[in-house]
Amino acid sequence: MPIYAYRCDECGFAKDVLQKISDPVLTVCPSCAKPAFKKQLTAAGFQLKGTGWYATDFRGGGAAPSTGTATGPAASTTPAAPAASDSAPAAPATPAADSKS
């Protein structure tokens, strides 16, 4: 159920009310009993949570969005090491002892 913000135009009394969408709009102020209680326009206060949508998914510009398919302790956050056949051979290491012989 959504929470609606109400404010009285006469006395300034403000209250947040938990209502169903189908409930009638409140018009009588509980503080001064005048018919000046009006629903206020407020910003939505929610975040999408769950698999696949997070506030950090699209930050950084170049990163691909998370699919959210791998979860739990078995999910790895680091990429697997490439197989030897997938990468070019490494350059031979130069020995430190040979540099000043």
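A brief structural summary. (Residues numbered from 1 in each chain as written. Predicted model: local features only at pLDDT ≥ 70, side-chain atom pairs only at ≥ 80, totals over all residues. Heavy atoms only, no water.)

### A word on the pattern of salt bridges
Applied cut-off: Between Lys or Arg on one side and Asp or Glu on the other, a salt bridge is scored when a side-chain nitrogen of the former is within 4 Å of a carboxyl oxygen of the latter. Helix numbering and strand numbering both begin at the N terminus, where a helix is a DSSP run of H or I of at least 4 residues and a strand a DSSP run of E of at least 2.
One pass over the full model with this rule turns up one salt bridge. One salt bridge in this structure joins Lys38 and Asp9, with 3.2 Å as the shortest N-O distance. Here Lys38, found in strand E3 (residues 37-39), pairs with Asp9, found in the loop between strand E1 (3-8) and strand E2 (14-18); they are 29 residues apart in sequence, far enough to count as distant.

### Some thoughts on the packing of aromatic side chains
As a reminder of what qualifies: Only the six-membered ring of Trp is used, alongside the rings of Phe and Tyr, when aromatic pairs are assigned; centres must lie within 6.5 Å, and planes under 30 degrees apart are stacked while those over 60 apart are edge-to-face, with the rest tilted. In this scheme, a residue with accessible area under 20% of its type's maximum is buried, one over 50% is exposed, and one in between is partly exposed, where area comes from a 1.4 Å probe on protein chains only. The rule for a charge over a ring is simple: NZ of Lys or CZ of Arg within 6 Å of the ring centre, and within 35 degrees of the ring normal.
Scanning all chains against the criterion turns up two aromatic pairs. When the ring of Tyr6 is compared with that of Phe37, the centres are 5.2 Å apart and the planes differ by 15°; the resulting orientation is stacked. You can see Tyr6 sitting in strand E1 and its partner Phe37 sitting in strand E3, a full 31 residues away along the chain. Using a relative accessible area of 4% as the deciding quantity, one classes Phe37 as buried. Here Phe13 and Phe37 contribute two aromatic rings whose centre-to-centre distance is 6.3 Å and whose plane-to-plane angle is 25°, an arrangement assigned as stacked. In this pair, Phe13 is assigned in the loop between E1 and E2 and Phe37 in strand E3, connecting sequence segments 24 residues apart. Aromatic ring contacts, followed pair by pair, group Tyr6, Phe13 and Phe37 into a single cluster. The cationic tip of Lys39 hangs over the ring face of Tyr4; the distance from NZ or CZ to the ring centre is 4.0 Å.

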